[in-house]
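Chain by chain, the residues:
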Amino acid sequence: MTTALQLTSGQRPDGVPVLAAAGEIDMSNAETFASALQDAVAGAGAALLVDLTAVEYLDSAGLATLFRHADRIEVVTGPLLAPLLTVSGLAELTTIRGL
C-alpha cells in the first residue's frame with residue numbers, strides 16, 4: 001500500500017527555509033512534489049533545505065525533480081535514501097546530509 005505524500009514548508013529557527021516531505025514520492029504525486037519544491041525554491045532567499053528523512057520511497061520522477069533544483073537546494077535524508085542519492089549522482093551536484 002502506498003503511503004500518501006505529505007509536504008510541509010517553513011523555516012528553521014535560524015531562518016533557513018525548509019520543505020519537508022513524508023511518505024512516498026512517485027509518479028502518482030511527483031507533480032505535487034515538483035510544484036511545492038518550485039514554490040519553496042522561488043520563495044527562498046538562500047538555499048532551500050529539503051528534508052527527506054520521513055520519505056519511505058523515492059522513484060525516478062521524484063529524483064528528477066531534485067536534479068532540476070540541485071543548484072538551489074540542500075538535502076537531508078536518512079539511511080534509506082542516502083545510497084540512492086549518492087549513486088544517482090545528486091550528491092555531486094548538491095549537499096546531501098544524513099542523520
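We now turn to the structure provided with this report. What you are looking at is a predicted structure, and each value in this text was computed from that prediction instead of being measured. (Residues numbered from 1 in each chain as written. Predicted model: local features only at pLDDT ≥ 70, side-chain atom pairs only at ≥ 80, totals over all residues. Heavy atoms only, no water.)

### Considering the pairing of strand β4 (residues 73–77)
What counts, and what does not: Exposure is judged per residue with a 1.4 Å probe applied to protein chains only, and the accessible area is read against the type maximum: over 50% gives exposed, under 20% gives buried, and values in between give partly exposed. Note on conventions: DSSP H or I runs of at least 4 residues are helices, E runs of at least 2 residues are strands, and numbering of each starts at the N terminus. Two strands pair if DSSP finds at least two bridges between them. A right-handed crossover is one whose linking path, passing over the helix from the first strand to the second, runs clockwise when the strands point away from the viewer.
Burial of β4 is extensive: 4 of the 5 residues sit out of reach of the surface. For strand β3 (residues 48–58) and β4, the ladder comprises 4 bridges, and the chain directions are parallel. Opposite Leu48, over in β4, you have Ile73 as the bridge partner. Between β3 and its parallel partner β4, the chain crosses via helix α2 (residues 60–68), and the hand of that crossover is right-handed. Strand direction decides the pairing type here: β4 and strand β5 (residues 96–98), joined by 3 bridges, are parallel.

### Regarding α2
Put simply, the test is: By construction, the arc corresponds to the directions joining the helix axis to the C-beta atoms. Residue contacts are defined here by distance: any two heavy atoms, one from each residue, within 4.5 Å place the two residues in contact. Here a polar contact is taken to be a pair of N or O atoms separated by no more than 3.5 Å, where protein atoms must pair a possible hydrogen donor with a possible acceptor and residues adjacent in sequence count only if both atoms sit in side chains.
Burial in α2 covers these residues: Gly62, Leu63, Thr65 and Leu66. Burial along α2 is one-sided: seen end-on, the buried residues are contained in an arc of 155°. Facing away from the buried side of α2 by more than 90 degrees, the exposed set consists of Ser60 and Arg68. Contacts from the buried residues of α2 go to β2 (17–25), α1 (30–43), β3, β4 and α3 (82–87). Sitting at the amino-terminal end of α2 is Asp59, which places a side-chain oxygen 2.9 Å from the backbone nitrogen of Ala61.

### Quick look at the environment of Ser9
Relative to the helices and strands, Ser9 resides in strand β1 (residues 6–11). Take Ser9: its relative accessible area is 58%, and that puts it in the exposed class. Sequence-distant contacts of Ser9, that is, excluding residues within four places in its chain, are made with Val18 and Leu19.

### Some words on the nonpolar core
We apply this condition: Here the nonpolar core consists of buried residues drawn from Ala, Val, Leu, Ile, Met, Phe, Trp, Tyr and Cys, with membership extended through side-chain atoms lying within 4.5 Å.
Grouped together as the largest cluster of nonpolar side chains are 22 residues, with contacts concentrated most on Leu37, Leu48, Leu52 and Leu66. Where this core is concerned, the elements lending two or more residues are β2, α1, β3, α2 and β4. The greatest single-element share of this core, amounting to 5 residues, is contributed by β3. Among residues more than four places away in sequence, those in contact with Leu37 are Leu19, Leu48, Val50, Thr65, Leu66, His69 and Ile73.

### Re the side chain of Asp26
Rules: Residues scored as positive are Lys and Arg, those scored as negative are Asp and Glu, and His as well as the terminal groups of each chain are ignored. Each salt bridge in this description consists of a side-chain nitrogen of Lys or Arg and a carboxyl oxygen of Asp or Glu lying within 4 Å of one another.
Note that Asp26 resides in the loop between β2 and α1. Among buried Asp, Glu, Lys and Arg side chains, Asp26 stands out as unpaired, with Arg68 the closest opposite charge at 13 Å. A polar contact of 2.5 Å, which involves the side chain of Asp26, links it to the side chain of Ser28. Setting aside chain neighbours within four positions, we find Asp26 in contact with Thr2, Tyr57 and Asp59.

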